[in-house]
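Observations on the three-dimensional arrangement
Chain by chain, the residues:
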Amino acid sequence: MTTLDPKQFSVSVHEAEAVTFHDMVAEQLRHSPWLLLSAALHAIAFLVLWALVPVDRKPESKNFAEVVPQAQPEVEPPPEPEKIIEPKVEEPTDDIVLTDEPILETNDPVEVADTTQSDTMSAFTSNQWNTAVGSGGGAAGPYGGRRKGGNGTGAPKSIQPTIARALEWLARHQDEDGRWDCDLFGKHDLPGFAACDGAGSSVHDIGVTGLALLAFLGDNHTMRSGSYREVVRRGVLWLREQQQPNGLFGTNTSHDYIYDHAIAAYAMCEAYGLSRYTTLQPVAQNAINYLESHRNPYGVWRYQPHDLDNDTSVTGWCVMAYESAKYFGLTVNQTALDLAANWFDQVSDATGRHGYRALGELSSRKGGDHATRFPVEKGEAMTAVGLFCRFFLGQDPKEKTVMQAATALIGQKPPVWDEAGGAIDHYYWYYATYAMFQVGGRPWTEWQKHLQKAVVKTQHSDAGDKNRLGSWDPVGAWGGDGGRVYSTAILTLTLQAYYRY
């Protein structure tokens, strides 16, 4: 066994260097590569396990605000106030198209509305009428008398049957297109009976159609109510079709065409106002506009426009048209009515007589033997026109003594059916009856006694004379112009004085 001699080895001793922990680890790592490999393998294994094994992730928090409506406390609504039930007033519809289709009783949309205005006032306030001299025969401002067809107005019992027969005759002799034919009305005669005579002039179809319409309107037959409303509707439509762009009804071919237009304008204003069709408003207004354009500057009316000539007769119809238009809301020149009042003052004298074109001048007559057959002194037509128009214009006999004088003058020449003596003047009787009714008292009582004999008893009332039944013979001063239609229409209007205004 070999022993080592320690002396054979020499040992060199060096001064030891300071060694840190990190140096030691690094040295070990340099000498031990397997440690690095082991660490890498462990890391890889850890990553594989982390990828394969699901990890519960904490949900990502998001910040948002949620508005949650709070429950409102339930509040009971206050009790509804008691409803006030007002009477229902059905307004008339204004979008009705006026066509030739008949308005049937069962489908008239405003029949009820027509009965809701029983207090409709006339074109004149009630305190202006039948209060100046006497009590009269029951005149009143409202159209109530018309609504009752004259019943209960103090009219004699014979008046309403007479008017009913006259309206029936007029209805039978209306043309299909709505007009009344002044000269050819006989085409409506029934065969087997005596034919109607008494043809008028063809140039006055406008005027007699206006008079006939006024007769139906005066008995409360309008475009909306009454048994003759279809008759009224056709007549109004025909007149509307005859109106020219300047407002004139018909043409100006006859020298006295302004009479026809003024009467038609008066009828159209009443038809518009009483039937309440706004589609008729421009028709009525244009008719009044024409009258205004026809009137003399600073004067009144006569045959031709602006001829600086005036007369009481034409002016009377124009005043009635203006007053009716004024009441029903149409535009009227008040100055024209004021000038009419001035005109009546200019042509009237202390006797009460109102002149035709000048102071004291009696009514006009046509050429030839017309004045001989119808002596102008047999009546007071212009005085009657002036007196009635003064009532229209709101004058009072207590303040205008000329009205009292005119009343006395008219009373001296009551209506008499004297064909041989030429005293028949339906035009005079019409105006005088309306004037005397407004005067009232004894003058009216005496006048209506004569009216009964002259008008009621002279109507054709024989049921066997079917073609003339209900009409009057046109034997008066102007019957040759207007014919049987004229005489029947204006005498019907005359008898309606008991309740028309």
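Here the structure is shown first, and the text comes after it.
Below is a short write-up of the structure.

Thresholds applied
- Residues numbered from 1 in each chain as written.
- Predicted model: local features only at pLDDT ≥ 70, side-chain atom pairs only at ≥ 80, totals over all residues.
- Heavy atoms only, no water.
- Helix = DSSP H or I, 4+ residues; strand = E, 2+ residues; numbered from the N terminus.
- Buried < 20%, exposed > 50% of the residue type's maximum accessible area, 1.4 Å probe, protein only.
- Contact = heavy atoms within 4.5 Å.
- Phe/Tyr/Trp six-rings, centres within 6.5 Å; stacked < 30°, edge-to-face > 60°.
- Expected span 1.5 Å × (residues − 1).
- Arc of directions from axis to C-beta.
- Salt bridge = Lys/Arg side-chain N within 4 Å of Asp/Glu carboxyl O.
- Core = buried A, V, L, I, M, F, W, Y, C linked by side-chain atoms within 4.5 Å.
- Axes fitted to C-alpha atoms, helices over the stretch in contact; angles between N-to-C directions.
- Left-handed = near helix turned anticlockwise from the far one by under 90°.
- Nonpolar A, V, L, I, M, F, W, Y, C, P; charged D, E, K, R; others polar.
- 1 Å grid on protein atoms, 1.4 Å probe; cavity = no way out; pocket = protein on both sides within 12 Å on 5 of 7 lines; lining within 4 Å.
- Points joined across faces, edges and corners; volume = space filled by probe spheres on them.

A word on the overall build of the protein chain. A tally of regular secondary structure across the protein chain gives 17 helices and 0 strands. By residue count, 48% of the 501 residues in the protein chain fall in the buried class. If you take every contact in the protein chain between residues at least 6 apart in sequence, the share linking residues at least 24 apart comes to 69%.

Here the focus is the packing of aromatic side chains. Enumeration according to the criterion identifies 21 aromatic pairs in this entry. Aromatic side chains Phe392 and Tyr501 sit 5.8 Å apart centroid to centroid with 85° between the ring planes, which places their arrangement in the edge-to-face category. Here Phe392 is found in helix H13 (residues 381-392), whereas its partner Tyr501 is found in the segment after helix H17 (479-495), with 109 residues between them in sequence. The buried category is assigned to Phe392, whose relative accessible area is 2%. Among the residues examined, Tyr501 registers a relative accessible area of 5% and is labelled buried. Ring geometry for Tyr430 against Tyr431: centres 5.0 Å apart, planes inclined by 70°, an arrangement best described as edge-to-face. The buried category is assigned to Tyr430, whose relative accessible area is 2%. Here Tyr431 falls in the buried class, since its relative accessible area comes to 0%.

With 14 residues, helix H16 (residues 441-454) ought to run about 20 Å at 1.5 Å a step, and its terminal C-alpha atoms sit 20 Å apart, in line with that. Residues of H16 that are buried include every one of Trp444, Trp447, Gln448, Leu451 and Ala454, and no others. The arc enclosing the buried residues of H16, seen along the axis, measures out at 120°, which places them on a common side. Of the exposed residues in H16, the ones pointing more than 90 degrees away from its buried face are Arg442 and Lys453. Where H16 is buried, its residues touch helix H14 (401-411), helix H15 (426-439) and H17.

Counted according to the given criterion, the structure contains 23 salt bridges. A salt bridge links Lys187 to Asp175; the shortest N-O distance between them is 3.2 Å. Pair noted here: Lys187 is in the loop between helix H5 (159-172) and helix H6 (205-218) and Asp175 is in the loop between H5 and H6, with a separation of 12 residues, a long-range link. The exposure class assigned to Lys187 is partly exposed, which follows from its relative accessible area of 48%. Residue Asp175 is classed as buried on the basis of its relative accessible area of 6%. Residues participating in the shared-partner salt-bridge network are Asp175, Arg179, Asp181, Lys187 and Asp205.

This part covers the nonpolar core. Leu291 and Trp317 are the most contacted members of the largest nonpolar core, which has 115 residues in total. Top element by residues in this core is helix H8 (residues 257-275). It accounts for 14 residues. The residues contacting Trp317, other than those within four sequence positions of it, are Leu211, Tyr259, Ala262, Ile263, Tyr266, Tyr427, Tyr430 and Tyr431.

A word on the packing of H6 against H8. With their axes 8 Å apart at the nearest point, H6 and H8 run at an angle of 35° to one another. Here H6 runs over H8; the crossing is left-handed. Residues Ile206, Gly207, Gly210, Leu211, Leu213, Leu214 and Leu217 of H6 lie in contact with H8, whose contacting residues are Asp260, Ile263, Ala264, Tyr266, Ala267, Glu270, Ala271 and Leu274. Residue composition of the contact of H6 with H8, grouped by class: 11 nonpolar, 2 polar and 2 charged.

In this section: the layout of surface pockets. Its boundaries defined by the atoms lining it, the largest pocket holds a volume of some 580 Å³. In this structure, the largest pocket is lined by 27 residues; those nearest its centre are His204, Asp256, Tyr259, Trp478 and Asp481. Listed by contribution, the elements that provide at least two residues to the lining of the largest pocket are H6, H8, helix H10 (312-327), H13 and H17. Split by residue class, the lining of the largest pocket holds 13 nonpolar, 7 polar and 7 charged. Of the volumes computed, that of the second largest pocket is approximately 220 Å³. Along the walls of the second largest pocket sit 15 residues, with Ser202, Val203, Ile206, Gly250 and Thr251 positioned nearest its centre. Elements that contribute at least two residues to the lining of the second largest pocket include exactly H6 and H8. With 3 residues, the single largest contributor to the lining of the second largest pocket is H8.

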